[in-house]
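Per-entry structural report
Chain by chain, the residues:
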Amino acid sequence: MTEFDTASQDTATLETAPTRYVEGGGIRFAYRRLGPSTGTALVLLQHFSGNIDAWDPAVVNVLAANRPVIAFDNAGVGRSTGQTPDNIEAMARDAVAFIKLLGLSEVDLLGFSLGGCVAQQIAAEHGRLVRKLILVGTAPKGGEEHLLTVLQDAFSQTEAPDLRLPLFFTKSSASQSAGLAFLKRAKARKEDRDTDNGGAVTDPQAKALTTWCATPDPEHAILRAIRQPALVVSGSHDTMLPADNAYAMFKALSNAQLVLYPDSSHGALFQYHELFVSHVRTFLEA
């Protein structure tokens, strides 16, 4: 159990929590923390191109109702200083450095997309640091990815009000409607919003993700090194990191549960936010 140095985060939300900073190793990390001051913290590892404000308040705020939740920008992302690495191993080292700077000796991890790759690396290398992990819309090392193809297709859809609509949601009316609701929630914070650092972040992140998936790991060494309980989540029609990855991870992990959501793409956790939070809570509290 870890007690934070203030209790003000108890009533804070992702939209209202102050952006805090912690510095070490030449990097000044930006983060927000929500929820009670005691308990095993759930650390959120963000997707390709995303920052703190790309998380869904409907997910983060509800999870923080009964546990500490920490959203942060890894090195070079958003308001964090330093340079964004072009490989997963370095991203994992930076994330572990951040966690230790907060004085946390044990955490749960929720890794989404690129963040899920980072979460796997951390869990495999730091067994005592990670209690449980949740892997959402991600891929194992050597897994299948279509990042650049899907991005090119999304950029061609000039009528979309936000790239995340074609990237994160299917073409069905139900999924698109859920996508619009997600975008409204994600834009609810009006002051002290995080920053978008463009190609300085996305270029190395794209290289890290594509290299991770292009590097063969036929023996699933990373996954087999993970002994912690894992919850693997995917959308049924994820075009960026297909659901076959989720099933491959589920089979290779020693203690995993698998959840697939219907008529959903990369942003399944946002489309089915209530169901997702329920599944995460059940898993973490078991």
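From a predicted model like this one, the values you see are computed outputs, not experimental measurements.

Thresholds, definitions, all that
- Residues numbered from 1 in each chain as written.
- Predicted model: local features only at pLDDT ≥ 70, side-chain atom pairs only at ≥ 80, totals over all residues.
- Heavy atoms only, no water.
- Pairing = 2+ DSSP bridges.
- Helix = DSSP H or I, 4+ residues; strand = E, 2+ residues; numbered from the N terminus.
- Axes fitted to C-alpha atoms, helices over the stretch in contact; angles between N-to-C directions.
- Contact = heavy atoms within 4.5 Å.
- Buried < 20%, exposed > 50% of the residue type's maximum accessible area, 1.4 Å probe, protein only.
- UniProt positions renumbered as here; feature names shortened; annotations may be inferred.
- Salt bridge = Lys/Arg side-chain N within 4 Å of Asp/Glu carboxyl O.

1. Structural notes on the sheet that holds strand 1 (residues 20–24)
The pairing of strands in a sheet comes from backbone hydrogen bonds and takes either a parallel or an antiparallel form. The mixed open sheet is built from eight strands, whose spatial order is 1-2-4-3-5-6-7-8. Only two strands of the sheet have a single partner each, and these edge strands are strand 1 and strand 8 (256–261). The mean inter-strand angle of the sheet, taken between neighbouring strand axes irrespective of direction, is 25°. Contacts from helix 9 (residues 244–252) reach strand 6 (130–136), strand 7 (230–235) and strand 8 within the one sheet, and its direction differs from that of strand 8 by about 165°.

2. So, the pairing of strand 2 (residues 27–34)
Counting buried positions along strand 2 yields seven of eight residues, so the element is predominantly enclosed. Hairpin connection of strand 1 to strand 2: two residues between the antiparallel strands, including Gly 25 at a positive phi of 60°. Where strand 2 and strand 4 (residues 69–72) come together, four bridges link them in antiparallel fashion. Each residue of the ladder has a partner; that of Arg 33, found in strand 4, is Ile 70.

3. Here's the deal with the UniProt feature "domain: AB hydrolase-1" (unreviewed entry) in the protein chain
The residues that UniProt annotates with the feature "domain: AB hydrolase-1" (unreviewed entry) are residues 41–270. Along residues 41–270, the helical share is 41% and the strand share 15%, with 21 Å between the first and last C-alpha atoms.

4. As for the pattern of salt bridges
Enumeration according to the criterion identifies ten salt bridges in this entry. With its nearest N and O atoms 3.7 Å apart, the salt bridge here joins Lys 187 to Asp 162. Highlighted residues: Lys 187 in the loop between helix 6 (173–186) and helix 7 (199–214) and Asp 162 in the loop between helix 4 (147–156) and helix 5 (164–168), separated in sequence by 25 residues. With relative accessibility at 14%, the residue Asp 162 sits in the buried group. A salt bridge links Asp 192 to Arg 189; the shortest N-O distance between them is 2.9 Å. Its relative accessible area of 33% is what places Asp 192 among the partly exposed residues. For Arg 189, a relative accessible area of 5% translates into the label buried.

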